[in-house]
Amino acid sequence: MNPMLALRQYQKIGAQAQTSEASPHRLVQMLMEGGLDRIAQAKGAMERKDIANKGVLISKAIGIIGGLREGLDLENQAASVTELDSLYTYMMKRLAEANAKTDPKILDEVADLLSTVKEGWDAIAVPGPQF
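This is a predicted model, so every value here is computed, not measured.

*Asks:* What's the story with the pattern of salt bridges in this structure? I'm lost.
*Replies:* One side chain can pair with another of opposite charge once the charged atoms of both are near each other. Scanning all chains against the criterion turns up eight salt bridges. Where Glu33 meets Lys118, a salt bridge forms, and the shortest distance between an N and an O atom there is 3.7 Å. Here Glu33, found in helix α2 (residues 24-47), pairs with Lys118, found in helix α5 (residues 104-123); they are 85 residues apart in sequence, far enough to count as distant. You can call Glu33 partly exposed: its relative accessible area is 28%. A salt bridge links Arg94 to Glu97, with the nearest nitrogen and oxygen atoms 2.9 Å apart. With Arg94 and Glu97 both in helix α4 (residues 79-101) and three residues apart, this pair spans about one turn of that helix. Classification of Arg94 as buried rests on a relative accessible area of 17%. Members of the salt-bridge network, linked through shared partners, are Arg26, Glu33, Lys118 and Asp122.

*Asks:* How do you make sense of the packing of α4 against α5 when you look at a structure like this?
*Replies:* Helix packing geometry: the angle between the two helix axes and the distance between the axes. Taken N-terminus to C-terminus, the directions of α4 and α5 make an angle of 155°; their axes are 9 Å apart at the nearest point. With respect to their mutual orientation, α4 and α5 come out roughly antiparallel. Once α4 is placed against α5, the crossing between them reads as left-handed. Residues Leu84, Leu87, Tyr88, Tyr90, Met91, Arg94, Leu95, Glu97 and Ala98 of α4 pack against Ile106, Leu107, Glu109, Val110, Leu113, Leu114 and Val117 of α5.

*Asks:* Mind showing me how you'd approach the environment of Ala52 here?
*Replies:* Within the secondary structure, Ala52 is located in helix α3 (residues 51-70). A relative accessible area of 57% places Ala52 in the exposed class.

*Asks:* In this structure, what is going on with the side chain of Gln29? I would like to understand it.
*Replies:* Note that Gln29 resides in helix α2. Taking relative accessible area as the criterion, Gln29 reaches 13% and is therefore assigned buried. In contact with Gln29, not counting residues within four places along its chain, are Lys118, Trp121 and Asp122.

The rules we used
Residues numbered from 1 in each chain as written. Predicted model: local features only at pLDDT ≥ 70, side-chain atom pairs only at ≥ 80, totals over all residues. Heavy atoms only, no water. Salt bridge = Lys/Arg side-chain N within 4 Å of Asp/Glu carboxyl O. Helix = DSSP H or I, 4+ residues; strand = E, 2+ residues; numbered from the N terminus. Buried < 20%, exposed > 50% of the residue type's maximum accessible area, 1.4 Å probe, protein only. Axes fitted to C-alpha atoms, helices over the stretch in contact; angles between N-to-C directions. Parallel < 35°, antiparallel > 145°, perpendicular 65-115°, else oblique. Left-handed = near helix turned anticlockwise from the far one by under 90°. Contact = heavy atoms within 4.5 Å.

The values reported here are purely geometric and, on their own, carry no functional implication.
Shown next, in the form of structure tokens:
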């Protein structure tokens, strides 16, 4: 068996196990972590002049941020939810622009924005099960 294929299968199984046991709060954290990882990988692809992988990775980051956006409770009508929706939309547009222009500075901008949102999300204390 190809060692890289085996590693990917192992990682996939590990990720499936994590998501099946994760709380909704943790799932959002995992999405944000995945988005940040894809942005960092896309920046590396830009540096290596790997245009094909750059596009794939940026598309994945856009998809992840789109998933975070879809998870918002827009019926809540809270100003913070509306602002977060606008921020996610802005990040997705900027990622598409970074892809078109092959601009790592735009990737840095989006990574900084997503990191800030993640820091706020991480600060939200979710009580665990009480035994």
